[in-house]
Amino acid sequence: MKKRLFGLFLSALLTMAVLGGCTDGTVEPSVDHSSKEPTYGGSVVVGIQQDFDSLDPHKATAAGTKEVLFNIFEGLVKPDENGNLMNAIASDYTVSEDGLRYTFTLRENVKFHNGNVVTAEDVKYSLERASGLLDGTPLVSTLRTVTKVDIIDEQTVQVTVGSANAELIYGFVAAIIPAGSGEDATADPVGTGPFSYVSYKPQEGMIVQKFADYWQTGLPYLDEVNFKIVNSPDSALLELQGKTIDVYAYLTDSQAGLLQNDYQVLASASNVVQALYLNNAVAPLDDVRVRRAICYALDRDEINLFVGGGKGTLLSAGMLPTLKDYYVDLNDIYGTTDNQQKAKDLLTEAGYPDGFDLEIAIPSNYEFHMQTGEVIVEQLKAVGINATIQGYEWNSWLEQVYNGRQFEATISGVTSDMTPGYLLTRFQTDSPKNFINFSSPEYDDIFKRAENTMDLKLKADYYAQAQKILCDLAGSAFIQAPANQTAISKKLAGYKFYPVYVQDMSTVYFVEE
Amino acid sequence: MKYLGKKLFTLVMTLFLVSVIAFLSFEIIPGDVVSSILGTEATPEREAQLREELGLNDPPVVRYVNWATGVLKGDLGVSYRYSKNMNEMMPVAELVGDKLPVTLWLAAFSLIMIIAVSIPLGVMWAKSNNRFLDAALNVVTQTTMAIPSFFLGIMVTYIFGILLKWFAPGGYVSYEKDPWGFAGYLLFPALSIALPKIAMTARFLRNSMLKEMQSDYVRTAYSKGATKRKVMYGHVLRNAMIPVITFLGMIIAEIVAGSIVVEQVFGLPGVGRLLISSISTRDFPVVEILILYIAFVIIFVYFLIDILYRVVDPRISEK
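Cut-offs and rules
- Residues numbered from 1 in each chain as written.
- Chains lettered and ligands numbered in written order.
- Predicted model: local features only at pLDDT ≥ 70, side-chain atom pairs only at ≥ 80, totals over all residues.
- Heavy atoms only, no water.
- Helix = DSSP H or I, 4+ residues; strand = E, 2+ residues; numbered from the N terminus.
- Rg over C-alpha atoms; globule rule 2.2 N^0.38 Å.
- Buried < 20%, exposed > 50% of the residue type's maximum accessible area, 1.4 Å probe, protein only.
- Contact = heavy atoms within 4.5 Å.
- Areas by Shrake-Rupley, 256 points an atom, 1.4 Å probe, with all protein chains shown as cover.
- Phe/Tyr/Trp six-rings, centres within 6.5 Å; stacked < 30°, edge-to-face > 60°.
- Pairing = 2+ DSSP bridges.
- Axes fitted to C-alpha atoms, helices over the stretch in contact; angles between N-to-C directions.
- Buried area = accessible area lost by both parts, 1.4 Å probe.
- Salt bridge = Lys/Arg side-chain N within 4 Å of Asp/Glu carboxyl O.
- Polar contact = N/O pair within 3.5 Å; in protein donor to acceptor, adjacent residues only side chain to side chain.
- pLDDT = per-residue confidence, 0-100.
- Core = buried A, V, L, I, M, F, W, Y, C linked by side-chain atoms within 4.5 Å.
- Expected span 1.5 Å × (residues − 1).
- Parallel < 35°, antiparallel > 145°, perpendicular 65-115°, else oblique.
- Left-handed = near helix turned anticlockwise from the far one by under 90°.
- Nonpolar A, V, L, I, M, F, W, Y, C, P; charged D, E, K, R; others polar.

Undergrad: Break down the overall build of chain A for me, citing the residues and quoting the values.
TA: When helices and strands are tallied, chain A shows 14 helices and 22 strands. Its C-alpha atoms give chain A a radius of gyration of 24 Å, near enough to 24 Å, the size a compact globule of 513 residues would have. A total of 513 residues make up chain A; the buried ones form 58% of that total. Taking the intrachain contacts of chain A between residues at least 6 apart in sequence as the baseline, contacts between residues at least 24 apart amount to 70%. With an accessible surface of roughly 19,800 Å², chain A has 49% of that area assigned to carbon and sulfur atoms.

Below is the structure:
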């Protein structure tokens, strides 16, 4: 076991050597050489890791699908690169004081890819479809509280919701599609985004082309984008080295090192909360002292260095630092390095002076989590906990661990959308997504208050308290938001990083040679 | 005729059994297509809706019978996982029909390479008395046979793709778009498949020929005054080919059924890769058809081998 860790350490050292001086740990999205004049035209190949789970923007759930569909579909509002919302199909909106009525004014002359102008009818249809008013099944679960969509006039739509929630506005990023197209059996995907759909082939990818009538004049620059499905990280590396891919995100740290000379390799904070998730309902993890002991036993600086080249951002309570208004830094509570004495004391106090056996279930297709697991096993061993890794095929992990909750500990990443509530809602006692069985009446109470207030200042306050409780009760051993490293061809500029899963190709352009 | 009827019956029974076993294994393995599609975003409503849409609420027997009657009527069903457009899923026939040519062309290319190189090589090897050549071929073929195909694929990509730049890794183009570009790209994966098989076949042929050369009929032929050429090609090679045909048949079945590893390494969208991804996403209709296809190919190739035996050696049909 020591040998394995040593191997990891060696590879970390090697990577650092390759990377030269770039290991200061900053993850500010770097700005590329955009001083050069943007040019129009050209075709770009973007390597993507997953096949599409659906071409229907309301039904698609996979992050890998949504990040591509972002280029084709738009909602009334859409996220920008700072994590804020900008108006898209709506040119303006107001929310009633009680938070129950949203009135959207539609932007004039926004066109669908089929040439038709977006009407209030289309918006009503899309929102009713997404919120489940059409057939009873909400396709976009954040919109489930919508009770009524009314057309006030040709340019105005009013949405009524059953309960007030200041975060609901983020739900209106849901795609607007032509009325009726959700039931039309032969419909190709049609939206209002900067690129229009050309073709999709399973296992090969999707091709989109420039939409000349896009409402943001001047965008996009590229004529065509080919989102090409790449089989595995290994073949991705070969294809990058062979220069058949222009843009590829989610590089491993060692890949990033290898590509440093041929590509612009940029890093940004990802929107993933990686943690050693602990099942709060099974012994001995049902004892808060044991969970705290595990938190103290982890040396997260070491984990970050070994598996991420030191580029991740450490976090302690399930909230992402990119959600700046809501994040509180709680890294001091358990410290970023290990405190073995404290961990051992807590274990003794809890009645486990000689430690215990712990099985860590990890979806084995995630190399990053597997490597993290190997480091953690060694760190836990140092305080007497005998941890073993059990690799799971992804579907089995979903069924047994995530949905079935039959596990002791697991290492995984939970992704977020743009709302703080999305990340924290799962830790309520009766949340269907509470796969760690965290249970704290105090937390439930604070979360409810946060959810129901329209006062953003107060909301941030409540969420801060919720994070504090989650960290204090050691709901899980939170580790980091890993860095997202992206390779971009040196011929391209204008690539933007988003705090959500998005590959926005509309601002990308070729620079003059 | 009786022979053909018997073969046909075996074929049908085997396919039936294979389909039942595949169906049952899908019932047993953990994780289903609904959780695969919805992932960590599943809500109870969406799960229920999807189960209904895919007809997963019926009992297993009903589902199997529905599926089987569909197939018998020529309807292969639709994929659970791959979309055709916004609202429809991809019909399995269309999906497999699109991927099959890739695998078949790849198989054809590698097969041509294997036969064109291994048979002359094997004959030459058997005929040569040069100890140095013998030793050299021994080492080369042993080594080639021992390299795992994924590693060979990576080496071929690295040497021909990245160092020599004879092809662009991952630069696969569809056969519909650019047939020549498609063929050019396929040469290298075909090479990765062919190399170890060439080594195996050449060795096999050589050994088989050496064994035949010891036979009495060879001495008789020589004593009757036949030339070496006549003896080698007319008698020895013909007899030595029988085990080689079996061996080649196994190779054909293997590569036509889908060169899973090589397709993965070179990013070829063939049936091997489709099978792997469909198993991991629990896309039952696709997996069933692919498994039936593989079973069919293997049974059919063995049937052909049987016939070829009779052509090469008429004595077999008399037995």
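What follows continues from the structure just given.
Undergrad: Break down the packing of aromatic side chains for me, citing the residues and quoting the values.
TA: All names here are of chain A. Under the definition given, this model contains 43 aromatic pairs over all chains. Ring geometry for Y277 against F478: centres 6.0 Å apart, planes inclined by 85 degrees, an arrangement best described as edge-to-face. Residue Y277 is found in strand β14 (residues 272-278), and its partner F478 is found in strand β19 (residues 477-481); the two are separated by 201 residues along the sequence. A residue is classified by how much of its surface remains accessible, and Y277, at 1% relative accessible area, is buried.

Undergrad: Let's hear about the sheet that holds strand β12 (residues 247-251) of chain A: which residues, and what values?
TA: Residues and elements named next belong to chain A. Sheet architecture is open: seven strands sit in the order β9-β10-β11-β2-β12-β20-β13, paired in mixed fashion. Each edge of the open sheet is held by one strand with a lone partner, namely β9 (195-201) and β13 (263-269). Each neighbouring strand pair of the sheet contributes to a mean axis angle of 20 degrees, computed without reference to strand direction. Sheet analysis places β13 next to strand β20 (residues 483-489), joined by seven bridges and oriented antiparallel. Bridged to Q264 within β20 is I488. The sheet contacts of helix α4 (residues 233-241) involve β11 (224-229), β12, β13 and β20, and relative to β12 the element is tilted by about 140 degrees.

Undergrad: I'd like a rundown of the interface of chain B and chain A, residues and numbers included.
TA: Chain B puts 49 residues into the contact, and the matching count from chain A is 53 residues. Across the chain B/chain A interface, buried area totals approximately 4,100 Å², and carbon plus sulfur atoms make up 48% of it. The largest share of the area that chain B buries against chain A comes from B:T40, B:E41 and B:M86, three residues that together contribute 18% of it. The tally of links between chain B and chain A comes to three salt bridges. Residue B:D98 is joined to A:K201 by a salt bridge in which the shortest nitrogen-to-oxygen separation is 3.2 Å. The interface formed by chain B and chain A contains 11 residue pairs in polar contact (both at pLDDT 80 or more). Looking at the side of chain B that touches chain A, the elements with two or more residues in it are α2 (33-38), α3 (44-54), β1 (78-83), α5 (92-127), α7 (149-163), α11 (260-266) and α12 (271-280) of chain B.

Undergrad: Could you give me a rundown of the confidence of the model for chain A, with the residues and numbers involved?
TA: Summing up the model confidence of chain A, the mean pLDDT is 86 and the portion of residues at 70 or higher is 93%. For the stretch residues 1-31 of chain A, pLDDT sits under 50, and the model shows 39 contacts to residues farther than four places along the chain or on other chains.

Undergrad: Before we move on, could you go through the environment of B:R206 and cite the residues and values that matter?
TA: All names here are of chain B. When you line up the elements, R206 lands in helix α8 (residues 179-213). Residue classification places R206 among the buried residues on the basis of a relative accessible area of 13%. Setting aside its immediate chain neighbours within four residues, R206 contacts G122, W125, A126 and D134.

Undergrad: Requested: an account of the nonpolar core, with residues and values cited.
TA: Counting 115 residues, the largest nonpolar core has A:M206, A:M505, B:L205, B:M209 and B:F266 as the members making the most contacts within it. For this core, the element with the highest residue contribution is helix α10 (residues 228-256) of chain B, accounting for 15 residues. For B:F266, the contacting residues outside a window of four places in its chain are B:G153, B:V156, B:T157, B:F167, B:Y185, B:F188, B:P189 and B:S192. Grouped together as the second largest cluster of nonpolar side chains are 38 residues, A:I294, A:F306, A:V307 and A:L330 included.

Undergrad: Account for helix α6 (residues 131-146) of chain B, with residues named and values stated.
TA: Its 16 residues give α6(B) an end-to-end C-alpha distance of 23 Å, which sits within 8% of 22 Å, the value for a rise of 1.5 Å per residue. Tucked inside the fold, the buried residues of α6(B) contact α5 and α8 of chain B.

Undergrad: Would you mind going over the side chain of B:Q49 in detail, with residue names and values included?
TA: Secondary-structure assignment places B:Q49 in helix α3. For B:Q49, a relative accessible area of 14% gives the class buried. Among residues more than four places away in sequence, those in contact with B:Q49 are A:D135, A:T137 and A:L139.

Undergrad: Outline the environment of A:V46, supporting the account with residue identities and numerical values.
TA: Residues and elements named next belong to chain A. Mapped onto the elements of the fold, V46 is located in strand β2 (residues 43-48). Along the backbone, V46 and E67 are 21 residues apart, and their C-alpha atoms lie at a distance of 12 Å. If sequence neighbours within four positions are ignored, V46 has contacts with V225, N226, F227, K228, I245, V247, Q503 and M505.

Undergrad: Can you explain the packing of α8(B) against α10(B)? Please cite residues and give values.
TA: Residues and elements named next belong to chain B. Running from N to C, α8 and α10 point in directions that differ by 150 degrees, and their axes come no closer than 9 Å. Between α8 and α10, the interaxial angle falls into the category roughly antiparallel. The way α8 lies across α10 gives a crossing that is right-handed. Residues that form the contact of α8 with α10 fall into these classes: 17 nonpolar, three polar and three charged.

Undergrad: Could you give me a rundown of the pairing of strand β10 (residues 205-210) of chain A, with the residues and numbers involved?
TA: Residues and elements named next belong to chain A. Looking at chain direction, β9 and β10 are connected through six bridges and run antiparallel. Bridge pairing in β10 links S196 to Q209. Taking the residues between adjacent antiparallel strands as the criterion, β9 and β10 are bridged by three residues, where Q203 takes a positive phi near 70 degrees. Alignment of β10 against β11, held across five bridges, turns out to be antiparallel. Pairing of I207 across the sheet is with N226, part of β11.

Undergrad: Before we move on, could you go through the pattern of salt bridges and cite the residues and values that matter?
TA: Tallied over the full model, the rule gives 23 salt bridges over all chains. A salt bridge links B:K7 to B:D306; its shortest N-O distance comes to 3.9 Å. You can see B:K7 sitting in helix α1 (residues 2-28) and its partner B:D306 sitting in helix α13 (residues 284-312), a full 299 residues away along the chain. Classification of B:K7 by relative accessible area gives partly exposed; the value is 31%. A salt bridge links B:K197 to B:E254; the shortest N-O distance between them is 2.9 Å. Taken together, the residues B:K197 in helix α8 and B:E254 in helix α10 connect sequence positions 57 residues apart. A relative accessible area of 46% means that B:E254 is categorised as partly exposed. Sharing partners across several salt bridges, the network here consists of A:K201, A:E204, B:D98 and B:K99.

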